[in-house]
Amino acid sequence: MVISENLATLDGGSMDNVLLFAAGELFIVIIMAALIARSGSKDPETRYLTFGSVVLVCLALVFMLGMAMFYWAGPDSAERAARVFEACQQIIPPLLTLVIGFYLGQKK
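Right, let's walk through the structure included here. What you see is a predicted model; the values in this text were computed from it and never measured. (Residues numbered from 1 in each chain as written. Predicted model: local features only at pLDDT ≥ 70, side-chain atom pairs only at ≥ 80, totals over all residues. Heavy atoms only, no water.)

Remarks on the overall build of the protein chain
Definition in use: Here a strand is any run of E in DSSP of at least two residues, a helix any run of H or I of at least four, and the numbering for each starts at the N terminus. Contacts between residues were defined by any pair of non-hydrogen atoms, one from each residue, lying within 4.5 Å. We get accessible surface area from the Shrake-Rupley algorithm with a probe of 1.4 Å; when it comes to residues, only the shown protein chains can shield them.
Scanning the protein chain from terminus to terminus reveals 4 helices and 0 strands. Helices (α) and strands (β) of the protein chain occur, in sequence order from the N terminus, as α-α-α-α. Considering only contacts within the protein chain whose residues lie at least 6 apart along the sequence, 64% involve residues at least 24 apart. For the protein chain, the accessible surface area stands at approximately 7900 Å², while carbon and sulfur atoms represent 69% of it.

The following block contains the structure:
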């Protein structure tokens, strides 16, 4: 059963490629959640660093999704994808520096 011809051919002219990319990112998030749940660490320092790494990975995945939208944008949606990519460029770096500064800048 084929839901969409563009999805079956992956011609790159539609946003179906972005949906496949987003599904891959969702798979990564599910694996991360399973690994974190399986580790079950009670140590506060380990949980603290795990939370920081999860936040950084999630921000990286959002940025990668923005790049995928920009890369595979068709001619009809190129401007919208460019706006999403520009928003990611403006929003994500300050958040990354905030998280990195908070987690790595503390003296113990």
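Picking up after the structure, the text goes on.
Considerations on a nonpolar patch on the surface
What counts, and what does not: Each patch is built from residues lacking any salt bridge and having more than 30% relative accessible area; the joining distance is 9 Å for like charges and 5 Å for nonpolar side chains (Val, Leu, Ile, Met, Phe, Trp, Tyr). A carboxyl oxygen of Asp or Glu within 4 Å of a side-chain nitrogen of Lys or Arg is what we treat as a salt bridge.
Together, L26, V29 and I30 make up a nonpolar patch on the protein surface, roughly 260 Å² of accessible area in all. Among the structural elements, L26 can be located in helix α2 (residues 16-39).

Comments concerning the packing of helix α3 (residues 44-71) against helix α4 (residues 78-104)
The cut-off we apply is this: Axis geometry follows a simple rule: fit a line to the C-alpha atoms, using only the stretch in contact for helices, then measure angles between N-to-C directions, giving values from 0 to 180 degrees. Roughly parallel covers angles under 35 degrees, roughly antiparallel covers those over 145, roughly perpendicular covers 65 to 115, and oblique covers all other angles. Two helices cross in a left-handed way if the nearer one is turned anticlockwise from the farther one by less than a right angle. They cross in a right-handed way if the turn is clockwise. Residues are grouped as follows: Ala, Val, Leu, Ile, Met, Phe, Trp, Tyr, Cys and Pro are nonpolar; Asp, Glu, Lys and Arg are charged; all remaining types, including Gly, are polar.
Orientation of α3 relative to α4, taken along the N-to-C sense of each, is 165°, at an axis distance of 9 Å. Here α4 runs roughly antiparallel to α3, going by the angle between their axes. Here α3 runs over α4; the crossing is left-handed. Considered class by class, the residues forming the contact of α3 with α4 number 22 nonpolar, 3 polar and no charged.

A look at the layout of surface pockets
Once rolled over the atoms, a probe with the size of a water molecule shows which space is left empty. Heads up, the rule is: For cavity detection a 1 Å grid was placed over the protein atoms alone, and a set of points counts as a cavity when a 1.4 Å probe fits there but cannot get out; an open set counts as a pocket when protein lies on both sides within 12 Å along at least five of seven lines, with lining residues being those that have an atom within 4 Å of a point. Grid points are joined across faces, edges and corners, and a volume is the space filled by probe spheres set on the points.
The volume enclosed by the largest pocket comes to roughly 170 Å³. The wall of the largest pocket is formed by I36, S39, G40, S41, T46, R47, T50, F51 and V54. Those elements that provide at least two residues to the lining of the largest pocket are α2 and α3. In the lining of the largest pocket, the residues fall into 3 nonpolar, 5 polar and 1 charged.

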